[in-house]
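# Close look at the chain arrangement
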Amino acid sequence: MSKHRASNPWHKDKPVCGLSFFRCCSRIILLLFGRIHMFRRIPMYKVMIVDDEPWAIKGIRNAFDWDKYGFEIIGQFKSAYTAWDAIKANEPDLVFTDIRMPEISGLDLMKRAKVEGMDIEFVIVSGYAEFEYAQEALRYGALDYFLKPLDIDKADPFIAKLAMHFSRRSTARNQLLLDALTSANEGEIKSFLPFPDDAAVYNYQVLSIYFEGEHKNMRNLLSLEGKPVHVVEVEAGARKMLVVLMTEHRDCLEGLSDKWVLNKTGIHVMGVSSISNQLKHMSKLIKEADLSASQVFLEEAGGVVHYEPKLHLVKPCIDEIHHILQGNQFDDAEAYIKGLQAYFRDHHLGMSEVVYLWNQAVGILIKAYSEELKDMELEFLNYSEIKERFEHFESLCSFLHEVLDSIRIGNGRSVQEGDIQSCFNRMIHYINHHFEQKLYLKDLSAQFFINQVYCCQLFRKNLGKTFSEYVSELRIKKARELLKRTDLSIEEVAIKAGYVDYYYFNKVFKKHCGMTPTKFRKS
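What this report covers is the structure whose coordinates are included nearby. (Residues numbered from 1 in each chain as written. Predicted model: local features only at pLDDT ≥ 70, side-chain atom pairs only at ≥ 80, totals over all residues. Heavy atoms only, no water.)

## Examining the pairing of strand 9 (residues 267–272)
- Burial runs high along strand 9: five of the six residues are buried.
- Taken together, the five bridges between strand 6 (residues 203–211) and strand 9 define a ladder with antiparallel strand orientation. Within strand 9, the residue paired with Ser-208 across the bridge is Gly-271.
- Pairing analysis gives four bridges linking strand 9 to strand 10 (residues 303–306), with the strands arranged parallel. Paired with Gly-271 across the two strands is Val-305, which belongs to strand 10. (Buried < 20%, exposed > 50% of the residue type's maximum accessible area, 1.4 Å probe, protein only. Helix = DSSP H or I, 4+ residues; strand = E, 2+ residues; numbered from the N terminus. Pairing = 2+ DSSP bridges.)

Okay, here's the thing in structure tokens:
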């Protein structure tokens, strides 16, 4: 006993609790593949107390400041049999249980929960004489234990450490869920979704939601109480959430949109995907929802935006670029750009059309002026890359205008080459020290008095890469260092590296490193 007391930094006069689970995080991660609990922006972890002695239950209930650390006692039981029925019905996050009871022991409760595949943590309560049983409970996977009678002075640090564990576990589960949903592995996706009946055919729909305020209860917000629709939420950014809806009844999803009310909900925009009964389409549905929510790239006003591509309406815009280039009508470029913005607004075009316009324009420009434009940052982009590079649609149009204008006037410069190089060097110094912030080439070009188009050429000439590639490499290098050297969550790493969208961070990291941030950290 003295050896245990000396090794535990929480102990002074008598042992209160162990730290086994804080030293075994890798083992705990393996327990995360149970039934999904809904991700909560402001967590409230459900607790049950099981002890055959009423005074012990009262002592546990009163010893800790449960509300302060995000815990809620949803049940207290003197009968282990009654407690087991409640555990199966409610699946609490945490169970405080006496280790020795006349009906079912605390170890038995743990074993039953494990056999049932429940993702529940247990804290074992035991007396001094039962210390060996407590150690056995830890071997069976108990989160921790403490000894009776309670040391009140140790209660607050104990519950604080429990809260930290659940916070980290929730973050880890969230990242694993995000990795699974965006993977191409149907089996991996299925392991994370609640399927009450494996034989049933389910319909799936995804929402991509950007919040202005606190996250809300999505089931209440979508008026789903009493409806046979399962809701799985995953945080995808500082103020972004992906919501997967699944149900056997397709009409439950088709009728939802008429009832969504965004007033006073804290939601800025909600992107809604199409509906599919194929689990393998999950990544496609996520992309559709995210494209729809990206409507804010074109206009500040939010709302509910359904996935409805209108690519055919972009053809006149593409034809006009052909006309300007083939007819050498560069004087018409300014009027074209202004008309382009009005056209997109009047026809209610969205991010799918922006991506199509950009990539078609890039293809046309490079084909017609390959030599003149070889060093410019003209490359095919997806919607996430466009949002990362341009602040809004107006910025994208402005860049296209500058490209067309540079073709018209050639490569003449208004300042001496040496002056431009000096300005560029100062820009690079600034980027190296501020890459964690939101950076747009248009703003930097203005700040350092360099034409935006010529700035693209300078990146190629001096660094052999584009502005976007340079910034991404700095950010991913920082992310790799943080993943190796710190225990920060993936979300915290993303933010410190300059990414507010975890979903996009995952994609960029995988593109650079060949694996997700989660797998990189494990390796």
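## Structural notes on the sheet that holds strand 4 (residues 121–126)
- Across the sheet, five strands lie side by side as 2-1-3-4-5; this open sheet has parallel pairing. This sheet does not close on itself; its edge strands, each paired only once, are strand 2 (71–77) and strand 5 (144–147). Here the average twist between neighbouring strands, direction ignored, is 20°.
- Where strand 4 lies against strand 5, four bridges are found, and the strand directions are parallel. Bridged to Ser-126 within strand 5 is Leu-147.
- Of the strands in this sheet, strand 1 (45–50), strand 2 and strand 3 (94–98) are in contact with helix 5 (residues 80–90), which crosses strand 1 at around 165°. (Axes fitted to C-alpha atoms, helices over the stretch in contact; angles between N-to-C directions. Contact = heavy atoms within 4.5 Å.)

## Digging into the pattern of salt bridges
- A complete count under the given rule lists twelve salt bridges for this structure.
- The salt bridge partner of Asp-290 is Lys-240, with a shortest N-O separation of 2.9 Å. Here Asp-290, found in helix 12 (residues 282–293), pairs with Lys-240, found in strand 8 (residues 240–247); they are 50 residues apart in sequence, far enough to count as distant. Just as Asp-290 is buried, Lys-240 falls in that class too.
- Taking the shortest distance from any N to any O, the salt bridge between Asp-405 and Arg-408 comes out at 2.7 Å. (Salt bridge = Lys/Arg side-chain N within 4 Å of Asp/Glu carboxyl O.)

## Points about a negative patch on the surface
- A surface patch of like charges, here negative, comprises Asp-65, Asp-67, Glu-72 and Asp-156.
- Look at Asp-156 and you get partly exposed, because its relative accessible area is 34%. (Patch = residues over 30% accessible without salt bridge, like charges linked within 9 Å, V, L, I, M, F, W, Y side chains within 5 Å. Areas by Shrake-Rupley, 256 points an atom, 1.4 Å probe, with all protein chains shown as cover. Lys, Arg positive; Asp, Glu negative; His and termini not counted. Charge placed at Lys NZ, Arg CZ, Asp CG, Glu CD.)

## A closer look at the packing of helix 14 (residues 333–346) against helix 15 (residues 351–368)
- Interhelical geometry of helix 14 versus helix 15 gives an angle of 155° and a closest axis separation of 12 Å. Taken together, the axes of helix 14 and helix 15 are roughly antiparallel relative to one another. For the pair helix 14 and helix 15, the crossing hand works out as right-handed. Side by side, helix 14 and helix 15 meet where Tyr-336, Leu-340 and Phe-344 of the first sit next to Glu-353, Val-354 and Leu-357 of the second.
- Split into classes, the residues belonging to the contact of helix 14 with helix 15 amount to five nonpolar, no polar and one charged. (Parallel < 35°, antiparallel > 145°, perpendicular 65-115°, else oblique. Left-handed = near helix turned anticlockwise from the far one by under 90°. Nonpolar A, V, L, I, M, F, W, Y, C, P; charged D, E, K, R; others polar.)

## Some thoughts on the nonpolar core
- If you look at the biggest cluster of nonpolar residues, it comprises 105 residues, and the most contacted ones within it are Leu-193, Met-282, Trp-358, Ile-386, Ile-431 and Phe-459.
- In terms of residues, this core owes the most to one element, helix 15, which gives nine residues.
- Once residues lying within four places of it in the same chain are set aside, the contact partners of Trp-358 are Glu-377, Leu-378, Glu-379, Leu-381, Ile-386, Arg-389, Phe-390, Leu-396, Phe-399 and Leu-400.
- If you look at the next biggest cluster of nonpolar residues, it comprises 25 residues, including Ile-104, Phe-122, Leu-138 and Leu-147. (Core = buried A, V, L, I, M, F, W, Y, C linked by side-chain atoms within 4.5 Å.)

## A few points about the environment of His-249
- For His-249, the location among the structural elements is in the loop between strand 8 and helix 11 (250–254).
- With relative accessibility at 40%, the residue His-249 sits in the partly exposed group.
- Sequence separation between His-249 and Val-229 is 20 residues; the distance between their C-alpha atoms is 8.2 Å.
- Once residues within four sequence positions are removed from consideration, His-249 is found in contact with Asn-203 and Pro-228.

## A word on the sheet that holds strand 10
- Strand order in the open sheet formed by five strands is 7-8-6-9-10, and the pairing between neighbours is mixed. Edge positions in the sheet fall to strand 7 (230–237) and strand 10, since each has one partner strand and no second. Taking the axes of each pair of neighbouring strands and ignoring which way they run, one obtains an average angle of 20° across the sheet.
- Note that strand 6 and strand 8 share eight bridges and pair antiparallel. Bridge pairing links Val-206 to Val-244 in strand 8.
- On the sheet, helix 8 (residues 152–181) packs against strand 7 and strand 8 and is oriented at approximately 100° with respect to strand 7.

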